[in-house]
Structure formats: C-alpha cells, structure tokens
Amino acid sequence: MTSQPRPAHAVRTAADADAEAIAAVLGRAFDDDPVWRWLLPDDASRVRRMTGLFGILLRRVHLRHAATEAAGRGGGAATEAAALWDPPGHWRVPARLQATQALPLLRITGTRTPAVLRTLGEIEKHHPPEPHWYLAVLGTDPPAQGNGLGGALLRSRLGRCDDAGLPAYLESSKERNVPYYERFGFRVTRELALPGKGCPPVWLMWREPGQGR
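Residues numbered from 1 in each chain as written. Predicted model: local features only at pLDDT ≥ 70, side-chain atom pairs only at ≥ 80, totals over all residues. Heavy atoms only, no water.

For the protein, an unreviewed UniProt entry supplies the name GNAT family N-acetyltransferase and the organism Actinomadura darangshiensis.

Draft legend 1. Molecular detail of the pattern of salt bridges. All chains considered together, the criterion is met by eleven salt bridges. Here Arg73 ties to Glu80 by a salt bridge, and the two come within 2.6 Å at their closest N and O atoms. Using a relative accessible area of 36% as the deciding quantity, one classes Arg73 as partly exposed. Put simply, Asp31, Arg37, Asp43 and Arg46 are held in one network by salt bridges that share partners. (Salt bridge = Lys/Arg side-chain N within 4 Å of Asp/Glu carboxyl O. Buried < 20%, exposed > 50% of the residue type's maximum accessible area, 1.4 Å probe, protein only.)

Draft legend 2. Representation of the UniProt feature "domain: N-acetyltransferase" (unreviewed entry) in the protein within the structure. Those residues carrying the UniProt feature "domain: N-acetyltransferase" (unreviewed entry) are residues 128-186 in this numbering. End C-alpha atoms of residues 128-186 are separated by 14 Å, and the span's content is 36% helix alongside 22% strand. (UniProt positions renumbered as here; feature names shortened; annotations may be inferred. Helix = DSSP H or I, 4+ residues; strand = E, 2+ residues; numbered from the N terminus.)

Draft legend 3. Looking closely at helix α6 (residues 149-164). The end-to-end C-alpha separation of α6 is 23 Å, in line with the 22 Å expected for 16 residues at 1.5 Å each. One or two positions beyond α6, positive phi appears at Gly165, with a value near 70°. (Expected span 1.5 Å × (residues − 1).)

Draft legend 4. Structural context of the sheet that holds strand β7 (residues 202-207). The seven strands are arranged β1-β2-β3-β4-β5-β7-β6 in an open sheet whose pairing can be described as mixed. Of all strands in the sheet, those with a lone pairing partner are β1 (10-13) and β6 (187-192), marking the two edges. Neighbouring strand axes in the sheet, compared pairwise and without regard to direction, differ in orientation by 25° on average. When strand β3 (residues 81-86) meets strand β4 (residues 133-140), the two strands line up antiparallel, connected through six bridges. By the bridge assignment, Ala82 is partnered in β4 with Gly139. Each of β2 (69-72), β3 and β4 touches helix α1 (residues 19-29); the most contacted strand, β4, lies at about 75° to it. (Pairing = 2+ DSSP bridges. Axes fitted to C-alpha atoms, helices over the stretch in contact; angles between N-to-C directions. Contact = heavy atoms within 4.5 Å.)

Draft legend 5. Region of the structure containing unusual backbone geometry. A positive phi is found at Ala66, a non-glycine position, where the angle reads about 55°. Examined against the element boundaries, Ala66 turns out to sit in the loop between α3 (46-60) and β2.

Draft legend 6. Here's a closer look at the packing of aromatic side chains. Inspection of every chain in the model, using the stated rule, returns six aromatic pairs. Taking the centre distance of 6.4 Å and the plane angle of 50° together, the rings of Tyr169 and Trp206 count as tilted. Here Tyr169 is found in strand β5 (residues 168-172), whereas its partner Trp206 is found in strand β7, with 37 residues between them in sequence. Of the two residues, Tyr169 and Trp206, both sit in the buried class. Taken together, the aromatic side chains of Tyr180, Tyr181, Phe184 and Phe186 make up a single cluster linked through ring pairs. Cation over ring: Arg112 sits above Trp38, and NZ or CZ is 4.9 Å from the ring centre. Above the plane of the ring of Trp133 lies Arg157, whose end atom (NZ or CZ) is 4.0 Å from the centre. (Phe/Tyr/Trp six-rings, centres within 6.5 Å; stacked < 30°, edge-to-face > 60°. Lys NZ or Arg CZ within 6 Å of the ring centre and 35° of its normal.)

Okay, structure coming up:
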C-alpha cells in the first residue's frame, strides 16, 4: 500500500486584511512557548494577550515590509500558519514606532510589561549586524501542526535568500525546534540566557545561503 502524497500548500504574501487571522493563529501557536509562558504566566489570558501582541507587531512592524507570508493546507486560502520575515536592514523597530506601541503594549502585558521589554531587549542586543533576512516569528495553528505548513513557509523565503546570496537568522525559544531548523540549514551560534529568575533560554540560529532546504 503506497502512501498518498500531501497536497501542495498555498503560500501567499500577507496583506493588512490578513492581520486578524494571522494574529489569532500565532496567539494559539505560542500558547505553549516556554519563554512566553514565563513572560505571561496566566494560562486563562495568555492566548488573548498573545493575539493582541501579534496584532500590534503585524500592523505596526512586519506587514510594512511586505514579507510576511501565510499558508493553509491544500490549495485553499485559509490561514493556518504564518512566517513574519524582515528584510535586511529592517529588523530593528524604529524608536518612533516603539513610542507609539508603548501604551497598547502596556494594556496587553500589564504588570509583566517590564519583564517583556527587558527580555525582548536582551534578545535584540545579540542580533547579528551582518545583512540578512530575519525570521521574527514562525507559527502554525495547533490543529494544523504536522502537515508541512511551516516547511512550506520556510522553503518559500529561504529559496529567495539562496537566489540572492543572503543569509537568514532566527531565535528559537523551543529547544525541540532546534533540530527542525537545522534540517533547513540553520545552525546554533549561541544558547542565550535571558534575564529573570527561571526564564528559559533562546537559541540563536544562523543560516548561510545554499544550506539545507
């Protein structure tokens, strides 16, 4: 008995109209993320808070670059996974935008705002200076996980990185995801300890063009 091939997944560039659906998918996808569970420890409100946070990041930062991509199973247009990419030289959030995000962030993260800002700031300090594509976020809705959507999103952008001869960079906040990214050519450059008692680490990962796929 032969296995049936998986249907091709539709990967598309996300637009402003996709922000709400993508934020909801990522809010659910990161509910079990170790770092975000530490930053937002209340189980009852975490998905709602994460959805709000991703909504801000999408509308104020990532969608501006026209590099965010969404995917769904089969050939449909449903959003079940998303990758938030930033092009070379555009990964840093401008100070002007940081100021406009301060109040919405405070409303979402509440008393955990200092811990969130401290943690994200520490991660940003170790961002490599070389020109590269930055995978800020990759997530799949839990019911759709294991169907190759993340791989389809990675191959979509990494193929273009290879064509342009550009490296790529990400931070993995789940140790079990490190081997997954390694299959696509990323390698760990550092396990980064984060401030705060009990905060899990993140793994900084770099990919030279032409590695993996």
